[in-house]
Amino acid sequence: MKRTVLLVALCIAGALSCEKKNDPENPYKGYEKVTYEESNAIIPNPERGFYTGVEIHDASKVAMTEQRISVARKVGRTLFLLEYYLTDYMESDIADDYLQVVRGNFEVLRAHGAKCILRFAYKDGHTEFDRPWDASETQVLRHVEQLKPLLTEFSDVIFVLQAGFVGSWGEWYYTDNFVMNPSSEEDYAPRKHLLEALLDALPEKRQVEVRTPTFKMKIFGYALQDTLTRAEAHTGTIKARIAGHNDCYLASENDTGTYHSKSEREYWAAESRYTIMGGETCGVSQYCHCEPEGNAPGTIKDMETSHFSYLNLSYHPDVLSRWRKEGCFDQIERRLGYRLVLREGFFTPKVVSGEDFRIVLNIENIGFASPMNPRDAEFVLTDASGKVAGTFPVESDPRFWMGGSITTVDCTIKLPSGISGEYGLYLNLPDPEKNLRENPRFSIQLANVDVWDEETGYNLLKKITVE
């Protein structure tokens, strides 16, 4: 994996400063160096990894339970694909009891440390018997209007929303009401109306995935060269919020129609540096070997290029079996999304209360992608009893701690006056949402040995003695 170094300047007025103090010959001369051991564990970090699919067809019960989430977390998984089938409401409003099921599932996710990939659809088959495969545009937009309050209230536990609604399984193909093979601007108009409604139903900090790159380009008028730049990324614009999901991943040269050209594949690979990419496999081919096969780059290389954050744990079983047999399944499980490894740290050797204390961290993301939703970063200082003596916000956006790169965090904090004795210095990467911020299950655990405190969600950098 190619490594590049991204030097991130982190400056908070007063408590945090980032003036350059490096000697070019030996930038950390005189500082205490700490080297950290990488962990090989499967970590139940939020907003990444293999997901468990859950289908909800009626209002008989809340599908998510504490036990279901607990079982998943024990094996390092925190994502669920919640697929809601609105079959009973194709010509009417969604019933209140069904909406309460949606609410109940969100509440369970929030309470027990999990998030969802979210999709709504009307039918789960595409035979003549299953027709109509979806509802009218008017009815669909009415359903989005009904769901908007829930999507807004519980956006904190929505990792990403798949566009859904159109066609069987919500996959935007077998459709009776949205033009099966659109070509003109008029043909695409109903899908555009839906996407605009979905973007409006969610806060700007959340993304909506479409099934192919063609849909993003045709609906909103983007060309192949119009890929997101770093400056445009995560800005709340339509361009920054439309992501993709590939539900026939590695099935063929064009992933069974997902791409119309090599250029489209390259377009989506570039977009997915800053937008969420995930999906599922749908069949064995030469493209799903772990390593290169013929003209196929191999699964690991393709996931690096495509920046995959999540995949279906159950489908396609033959592809998953191949990965296990060829020996890359565990690597995929560890590297889906982000995997942050603390390599080394450099610290001011003499620690004095009320004075500056420099912290330099080299953090490598060995995952396929970066964290994609907003994420806070801060240093936390605790005394021997665990009481917080100070927090120091870090002006660095983990969404730009890119997969395959090392980020150097170099900051100076001012220690509180009047403290002395033994203290713990931690890096905390909490979810910024108010309902989740204090819940350690939604904080990011670094992939290192003996750094994680599961009670607080903090990552230990070192113990210091303050004079």
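Residues numbered from 1 in each chain as written. Predicted model: local features only at pLDDT ≥ 70, side-chain atom pairs only at ≥ 80, totals over all residues. Heavy atoms only, no water.

The helix and strand inventory of the chain stands at 10 helices and 19 strands. The C-alpha atoms of the chain give 23 Å as radius of gyration, which agrees with the globular expectation for 467 residues (23 Å, within 12%). Over its C-alpha atoms, taken along the principal directions, the chain stretches across nearly 75 × 50 × 40 Å. For the chain, with 467 residues in total, the buried portion stands at 58%. Of the contacts formed within the chain by residues at least 6 apart in sequence, a portion of 79% connects residues at least 24 apart. (Helix = DSSP H or I, 4+ residues; strand = E, 2+ residues; numbered from the N terminus. Rg over C-alpha atoms; globule rule 2.2 N^0.38 Å. Buried < 20%, exposed > 50% of the residue type's maximum accessible area, 1.4 Å probe, protein only. Contact = heavy atoms within 4.5 Å.)

With antiparallel pairing, 5 strands are arranged side by side in an open sheet as β15-β14-β17-β19-β18. Strands with a single pairing partner mark the edges of an open sheet, and in this sheet they are β15 (388-393) and β18 (452-453). (Pairing = 2+ DSSP bridges.)

Turning to the side chain of Arg211, a few remarks are in order. Checked against the element boundaries, Arg211 lands in the loop between β8 (208-210) and α5 (213-220). Look at Arg211: it is buried, it has no salt bridge, and the nearest opposite charge is Asp247 at 4.7 Å. At a separation of 3.1 Å, a polar atom in the side chain of Arg211 contacts the side chain of Thr258. When neighbours within four sequence positions are excluded, Arg211 is seen to be in contact with Glu171, His245, Asn246, Asp247, Cys248, Thr258 and Trp268. (Lys, Arg positive; Asp, Glu negative; His and termini not counted. Salt bridge = Lys/Arg side-chain N within 4 Å of Asp/Glu carboxyl O. Polar contact = N/O pair within 3.5 Å; in protein donor to acceptor, adjacent residues only side chain to side chain.)

Our next topic: the packing of α5 against helix α7 (residues 262-271). Closest axis-to-axis distance for the α5/α7 pair is 9 Å, and the angle between their directions is 85°. With respect to α7, the axis of α5 lies roughly perpendicular. Residue-level contacts link Pro213, Thr214, Lys216 and Met217 of α5 to Glu264, Tyr267, Trp268 and Glu271 of α7. (Axes fitted to C-alpha atoms, helices over the stretch in contact; angles between N-to-C directions. Parallel < 35°, antiparallel > 145°, perpendicular 65-115°, else oblique.)

We now examine the pairing of β15. Two elements, strand β14 (residues 378-383) and β15, share 5 bridges in a ladder whose sense is antiparallel. The partner of Thr382 across the bridge, within β15, is Val388. What sits between the antiparallel neighbours β14 and β15 is a turn of 4 residues, in which Gly386 has the positive phi angle 95°.

Turning next to the nonpolar core. A general tendency of soluble globular proteins is for nonpolar side chains to be buried together. Grouped together as the largest cluster of nonpolar side chains are 59 residues, with contacts concentrated most on Leu82, Phe106, Leu109, Leu118, Leu151 and Phe165. Setting aside residues no more than four positions away along its own chain, Phe165 makes contact with Leu86, Phe120, Ala121, Tyr122, Asp134, Val140, His143, Val144, Leu147, Gly170, Leu194 and Leu198. (Core = buried A, V, L, I, M, F, W, Y, C linked by side-chain atoms within 4.5 Å.)

Moving on, we get to the sheet that holds strand β9 (residues 242-249). Pairing in this closed barrel of 8 strands is parallel, and the strands run β4-β5-β6-β7-β8-β9-β10-β11 around the ring. Ignoring which end each strand starts from, the neighbouring axes of this sheet average 30° apart. Relative to β8, strand β7 (residues 158-162) runs parallel, the two being bridged by 2 bridges. Note on β8: the bridge partner recorded for Gln162 is Glu209.

Right, let's get into unusual backbone geometry. That bond from Arg131 to Pro132 is cis: its omega, 0°, falls within 30 degrees of zero. The peptide bond linking Tyr315 to His316 adopts the cis configuration, its omega dihedral lying at 5°. With respect to the secondary-structure elements, His316 resides in the loop between β11 (310-312) and α9 (317-326). A positive phi is found at Glu47, a non-glycine position, where the angle reads about 60°. Its location among the elements puts Glu47 in the loop between β3 (32-35) and β4 (49-56). One non-glycine residue, Trp169, lies in the positive phi region at around 60°. Along the chain, the position of Trp169 falls in the loop between β7 and α4 (185-201).

Bringing the confidence of the model for the chain into the picture now. Mean pLDDT over the chain: 94, with 94% of residues reaching 70 or higher. Predicted confidence is poor over residues 1-21, with pLDDT under 50, and the contacts of this stretch with residues over four places away or in other chains come to 60 contacts. (pLDDT = per-residue confidence, 0-100.)

This paragraph deals with the packing of α4 against α5. It is at 10 Å that the axes of α4 and α5 come closest, and there the two elements cross at 95°. Here α4 lies roughly perpendicular to α5, going by the angle between them. Contacts between α4 and α5 pair Tyr188, Arg191, Lys192 and Leu195 from the former with Thr214, Phe215, Lys218, Ile219 and Phe220 from the latter.

If you walk through the whole model with that rule in mind, you get 32 salt bridges. Arg103 is paired through a salt bridge with Glu153; the nearest N and O atoms lie 2.8 Å apart. Of this pair, Arg103 sits in helix α2 (residues 96-112) while Glu153 is found in helix α3 (residues 137-153), placing the two residues 50 residues apart along the sequence. For Glu153, a relative accessible area of 38% corresponds to the partly exposed category. Note that Arg437 and Glu438 form a salt bridge whose closest N and O atoms lie 4.0 Å from each other. Residue classification places Glu438 among the exposed positions, given a relative accessible area of 66%.

Among the residues making up α7, those that are buried are Glu264, Tyr267, Trp268, Ala269 and Glu271. At its buried positions, α7 is contacted by β8, α5, α6 (238-241), β9, β10 (277-281) and α8 (299-306).

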